[in-house]
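Descriptive analysis of the structure
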Amino acid sequence: MKIGIDVDNVINNLTECVIGVYNEDTGSDLKLTDIVDYDMTLFVKPELRKNFYQYFGDDRVWERLQIKDGAADCIENLAKTNEIYFVTSTHPENVYRKAKWLSEHIRGVDIDERLIICHDKPLLNGLDIMFDDYEPNLRGNYIGVLMNYAWNQAPATGYHRVNDWKEFQTTMNKLMPAIDKIRASLREAEEMIYI
C-alpha cells in the first residue's frame, strides 16, 4: 500500500514554532487555536502580512521543530509493510532542511527516495492513502485522513479525521484490511474479464 504523509503539522509542529517566534518578535499573544483558516496571514499584524512567510525559513523555527508524539514509531511500523512517501508543500530553500530534519527523526524510510515536493497534492493519484492537515489536499483519488486543527473545521465529508498519531494508527488498522479486500475483489474481476 502507498501512503502519503504530509510533514508540516502532521509529523512536526511547524505552525506552533512559527507562532512562537512571531510572538517573541512582535509581542503578540497569538495561539495555535486562534488560527481558524489555513491562511495564517489573516491572523498576524497587517503590516507583517507581506513578509510573514519568511518565518517558515527562520533558523529559530527550525531549531524548535519537534516531532509529534507517536509519529516516528507509527511511520516505522507502517514502513515495514507499506511504501511511505513524505509529501510536502514547501519553499525550495527549505527542501534540504526538511529532508535533513526527516532523516534525523524518521527510521525505516529512505528520505532521499520518498520525499515528494508538491503544491497540488490531489495530483498524486498513485497513493492509496493521504494523511494531511489541509482538507483540499485530501480531494485526490485516494483515501484521506485529516489531522484535526482549528483551521480545518469546515464541515466536509469523504475523509477520516484524527487528533493524533494514536488515532491515525487505529484508523489505519481499520482501513488497511478493507483496502486489501477491495484489491482482491478487483483482481478477481479482472481475472473474470480475461477468461
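Just above sits the structure.
Residues numbered from 1 in each chain as written. Predicted model: local features only at pLDDT ≥ 70, side-chain atom pairs only at ≥ 80, totals over all residues. Heavy atoms only, no water.

Some words on the overall build of the protein
- Looking only at helices and strands, the protein features 6 helices and 6 strands.
- Secondary structure of the protein in N-to-C order comes out as β-α-α-α-β-α-α-β-β-β-β-α.
- Of all intrachain contacts in the protein linking residues separated by at least 6 positions in sequence, the fraction that spans at least 24 positions is 61%.
- Total accessible area on the protein stands at roughly 10,800 Å², and carbon and sulfur atoms take up 51% of it.
- Distance from the positive charge centre (22 side chains) to the negative charge centre (33 side chains) of the protein: 2 Å. (Helix = DSSP H or I, 4+ residues; strand = E, 2+ residues; numbered from the N terminus. Contact = heavy atoms within 4.5 Å. Areas by Shrake-Rupley, 256 points an atom, 1.4 Å probe, with all protein chains shown as cover. Lys, Arg positive; Asp, Glu negative; His and termini not counted. Charge placed at Lys NZ, Arg CZ, Asp CG, Glu CD.)

Brief notes about the sheet that holds strand β1 (residues 2-6)
- Spatial strand order, β3-β2-β1-β4-β5-β6: 6 strands in an open sheet with parallel pairing. Looking at the sheet topology across the chains shown, the edges are occupied by β3 (115-117) and β6 (159-162). For this sheet, the mean inter-axis angle between neighbouring strands, taken without regard to orientation, is 25°.
- Pairing of strand β2 (residues 83-88) with β3, which is carried by 3 bridges, proceeds in the parallel orientation. The residue bridging Val87 from the neighbouring strand is Ile116, located in β3.
- The strands touched by helix α3 (residues 71-79) are β1 and β2; relative to β2, the strand with the most contacts, the crossing angle is about 135°. (Pairing = 2+ DSSP bridges. Axes fitted to C-alpha atoms, helices over the stretch in contact; angles between N-to-C directions.)

Describing the nonpolar core
- Membership of the largest hydrophobic core comes to 49 residues, with the highest contact counts inside it found for Ile11, Phe86 and Trp165.
- Trp165 has contacts with Ile5, Val10, Ile11, Lys68, Asp69, Gly70, Ala71, Cys74, Ile75, Phe131 and Met147, leaving out every residue within four places of it along the chain. (Core = buried A, V, L, I, M, F, W, Y, C linked by side-chain atoms within 4.5 Å. Buried < 20%, exposed > 50% of the residue type's maximum accessible area, 1.4 Å probe, protein only.)

Description of the environment of Gly158
- One can find Gly158 in the loop between β5 (143-147) and β6.
- Overall, Gly158 belongs to the exposed group, its relative accessible area being 67%.
- Between the C-alpha atoms of Gly158 and Arg139, which are 19 residues apart in sequence, the distance is 8.2 Å.

Side note on the pattern of salt bridges
- Under the counting rule described, the total for this entry stands at 12 salt bridges.
- Salt-bridge contacts for Lys31 lead to Asp29; the nearest nitrogen and oxygen are separated by 2.8 Å.
- Among the ionic contacts, a cluster of salt bridges with common partners joins Asp6, Lys121 and Asp132. (Salt bridge = Lys/Arg side-chain N within 4 Å of Asp/Glu carboxyl O.)

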